[in-house]
Amino acid sequence: MADSTPLLSQSNSAESQSTTPPLEKYHPSLDSTIERCIGVFGWAQFFQTLLVNLAWLFDAQQTFISVFTDAYPTWHCTTHQHGCNSVSNICYLPKNSWAWDWPSYTSIISEWKLECSSSIITGLPASSFFMGCLVGGFVLATLADSSLGRKNMIFLSCLTMSLSSLLTVFSTNIWVYSALRLICGFSRATIGTSALVLTAELVGKRWRGQVGVMGFFCFTIGFLSLPAIAYLNRGSSWRSLYLWTSIPGIFYSMLVHFFVRESPRWLFVHGRKEEAVATLKSIATPSHSSCLTWSFSEVSFQEERWNNGNVFSTIKMLVQKRWAFRRLIPVLVIGFGIGMVYYGMPLGLGNLSFNLYLSVTLNALSEIPASLITMLLIGELNRKFSVLALTTLSGIFSIMSALKGEVWTRLQIGLEPVSFFSCCTALNILLIFTIELFPTCVRNSATSLVRQAVVFGGVFGPMLVAEERRDGVSSYGVFGWVIGCCGLFAVFLPETKGGALCDTMDEEERKEKAICNGEGDLLA
């Protein structure tokens, strides 16, 4: 057994003396030991992180697909009798005096004759999706930390999401459609979280931010693909959008099952050292093959005993540990504010005075510079200040987008993308910030809770947008105030730039105490 897994074998003291930095002689840790093996970014790691991050692409498509499938179609008057004109309410016009510009099957509104239904009915599918995300986030949040692991969570979530999306093609009414959107939202709730955490744990700390941003790029590509697919299928049934986005997702799930490796950190935390060693062997660069003789048996590390069959024990730990709770509350509040803008703005684009395809494309394109800036500058960015500044900027421009008048209306096409860009960048940094704030044993759960806070903020988006259509209440004004106020909570968080990732709650607690005692630089 020792020959097949040399990482677990005893290394001679002379070799350990020659390869161990002075500080690690006294404080050897799992983080520093794994860093020796995968600290250099190689092609195997690139392939793994790219394959994992593709999950974001399909996640984005299902998240924003309702912008087109549930859109309120344009119409025209077939006669100018009965007072029909471009500003008329079609609910008060005879049916033979107006007609849809496109065939009725291009949107669920026209196909199921929902044009005069209440905003609760027409907004039900989008709200059901976000409610599914919320429930799925809480129910599934800890499975990636406890029993399933990161890889299996991504595989099962992507497969279930894609299958439910495929079944949506056969919906016969708004109720069946909403139920399937609920299942889709429930299934995709932890995809982004598991992908983000898994990629961060497959590379050294120097590359954590960069591989995380790769996922944001894939999400942007998925978002950007929607207006392209919708434009190419304009005039076709709304069902074709679900067909074109669900089938590739099913094939991708198979690739994850057969080719993606599990997180070595998660395997070590759960006592599966043999599998962890095999994973490290498969992704380590040839130049770092010397780490295969490093002894993990002497690493200062203890398995967490929280996995007692209760998958919610990780959330219990986050609440019971005062230092963890003090970190969790601010990131949840910030996530809520960001989510209201991130999900609400695309849904509200139909209320602005420019083309829907163009505006969605501009929003999707604004995520590209957001991801680029995060990727290039994440190593230099102060997390606290960046989140605070970007949420404030997003709030200011969102409020400016809500101002009335001919001049402000013309400026909306520039103000709204700037606000969305700032929000996207803030979200990217917040997620990386969260990964660095919590140890391996609860990292996926904490990150998932933050993403659910983002989704919870998004739940209010359809309501505010529908309210604006009916009563003229400015949704963008509300978005701006909420994200600006929530972003202020960043001042309560510790800075994590350049710090090491801890693996257990005790290790993180010791680090917290050491920082308070002025020893943080030694342990970091």
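Residues numbered from 1 in each chain as written. Predicted model: local features only at pLDDT ≥ 70, side-chain atom pairs only at ≥ 80, totals over all residues. Heavy atoms only, no water.

Undergrad: A description of the overall build of the chain should follow, citing residues and the corresponding values.
TA: Counting its secondary structure elements, the chain contains 24 helices and two strands. Counting only residues that meet the buried cut, the chain has 56% of its 524 residues in that class. Considering only intrachain contacts with a sequence separation of at least 6, the fraction spanning at least 24 residues in the chain is 83%. (Helix = DSSP H or I, 4+ residues; strand = E, 2+ residues; numbered from the N terminus. Buried < 20%, exposed > 50% of the residue type's maximum accessible area, 1.4 Å probe, protein only. Contact = heavy atoms within 4.5 Å.)

Undergrad: Could you give me a rundown of the packing of aromatic side chains, with the residues and numbers involved?
TA: Under the defined criterion, the tally for this structure stands at 27 aromatic pairs. When the centroid spacing of 4.9 Å and the interplanar angle of 85 degrees are considered together, the rings of Trp98 and Trp100 count as edge-to-face. In this pair, the class of Trp98 matches that of Trp100, namely buried. The rings of Trp56, Phe64, Phe129, Phe130, Phe216, Phe219, Phe223, Tyr342, Tyr343 and Phe420 are connected pair by pair, giving a single aromatic cluster. One residue, Arg234, lies across the ring of Tyr231, its end atom 3.8 Å from the ring centre. (Phe/Tyr/Trp six-rings, centres within 6.5 Å; stacked < 30°, edge-to-face > 60°. Lys NZ or Arg CZ within 6 Å of the ring centre and 35° of its normal.)

Undergrad: Give me the environment of Leu332: which residues, what numbers.
TA: Its location among the elements puts Leu332 in helix H17 (residues 322–347). Its relative accessible area of 23% is what places Leu332 among the partly exposed residues. Between the C-alpha atoms of Leu332 and Leu449, which are 117 residues apart in sequence, the distance is 7.2 Å. Ignoring any residue separated from it by four or fewer positions in sequence, one finds Leu332 in contact with Leu449, Val450 and Ala453.

Undergrad: For the state of the cysteines, give the residues involved together with the corresponding values.
TA: Applying the stated criterion across every chain, the model contains one disulfide. The side chain of Cys91 participates in a disulfide bridge whose partner is Cys116; the two sulfur atoms lie 2.1 Å from each other. Taking the torsion about the sulfur-sulfur bond, which here is approximately -120 degrees, the covalent link between Cys91 and Cys116 counts as left-handed. Here the residue Cys91 occupies a position in the loop between strand S1 (75–77) and strand S2 (98–100), and Cys116 occupies one in the loop between helix H6 (108–111) and helix H7 (119–122), the gap between them amounting to 25 residues. Classification of Cys116 as partly exposed rests on a relative accessible area of 46%. (Disulfide = S-S within 2.5 Å.)

Undergrad: For the pattern of salt bridges, give the residues involved together with the corresponding values.
TA: Per the counting criterion, the structure on display carries seven salt bridges. The salt bridge involving Arg239 is made with Glu111; its shortest N-O contact spans 2.8 Å. Here Arg239 is found in helix H13 (residues 239–259), whereas its partner Glu111 is found in helix H6, with 128 residues between them in sequence. One salt bridge in this structure joins Glu436 and Arg383, with 2.9 Å as the shortest N-O distance. One end of the pair, Glu436, is in helix H20 (residues 406–437); the other, Arg383, is in helix H19 (residues 383–401), and 53 residues separate them in sequence. The buried category is assigned to Arg383, whose relative accessible area is 5%. Where salt bridges share partners, they join Asp59, Arg188 and Arg451 into one cluster. (Salt bridge = Lys/Arg side-chain N within 4 Å of Asp/Glu carboxyl O.)

Undergrad: If you had to explain the packing of helix H9 (residues 149–168) against helix H10 (residues 174–188) to someone new, which residues and values would you point to?
TA: Direction vectors running N to C along H9 and H10 enclose 165 degrees, while the axes themselves pass 8 Å from each other. Relative to H10, H9 is oriented roughly antiparallel. In terms of crossing hand, the pair formed by H9 and H10 is left-handed. Every residue of H10 that contacts H9 at Ser157, Thr160, Met161, Ser164, Leu167 and Thr168 is listed here: Tyr177, Leu180, Ile183, Cys184, Ser187 and Arg188. (Axes fitted to C-alpha atoms, helices over the stretch in contact; angles between N-to-C directions. Parallel < 35°, antiparallel > 145°, perpendicular 65-115°, else oblique. Left-handed = near helix turned anticlockwise from the far one by under 90°.)

Undergrad: Give a detailed account of unusual backbone geometry, specifying residues and quantitative values.
TA: The phi angle at Lys113 is positive, at roughly 55 degrees, despite the residue not being glycine. Along the chain, the position of Lys113 falls in the loop between H6 and H7. Lys113 sits in the exposed class, given a relative accessible area of 61%.

Undergrad: Report on the side chain of Lys151, specifying residues and quantitative values.
TA: Looking at where Lys151 falls in the secondary structure, it is placed in helix H9. Buried charge without a salt bridge: Lys151, with Glu262 as the nearest opposite-charge side chain at an N-O distance of 7.2 Å. Of the polar contacts made by the side chain of Lys151, one reaches the backbone oxygen of His257; its length is 3.1 Å. With residues near it in sequence (within four places) discarded, Lys151 still touches Leu198, Val256, His257, Val260, Arg261 and Glu262. (Lys, Arg positive; Asp, Glu negative; His and termini not counted. Polar contact = N/O pair within 3.5 Å; in protein donor to acceptor, adjacent residues only side chain to side chain.)

Undergrad: So what's going on with the nonpolar core? Residues and values would help.
TA: Of all hydrophobic cores here, the largest spans 105 residues; its most connected members are Trp56, Phe64, Ile154, Leu318, Ile338, Tyr342 and Phe438. If you tally residues by element for this core, the top one is H20, at 13 residues. Beyond its immediate sequence surroundings of up to four residues, Ile338 is in contact with Thr391, Cys423, Ala426, Leu427, Leu430 and Ile483. (Core = buried A, V, L, I, M, F, W, Y, C linked by side-chain atoms within 4.5 Å.)

Structural measurements only, silent on function.
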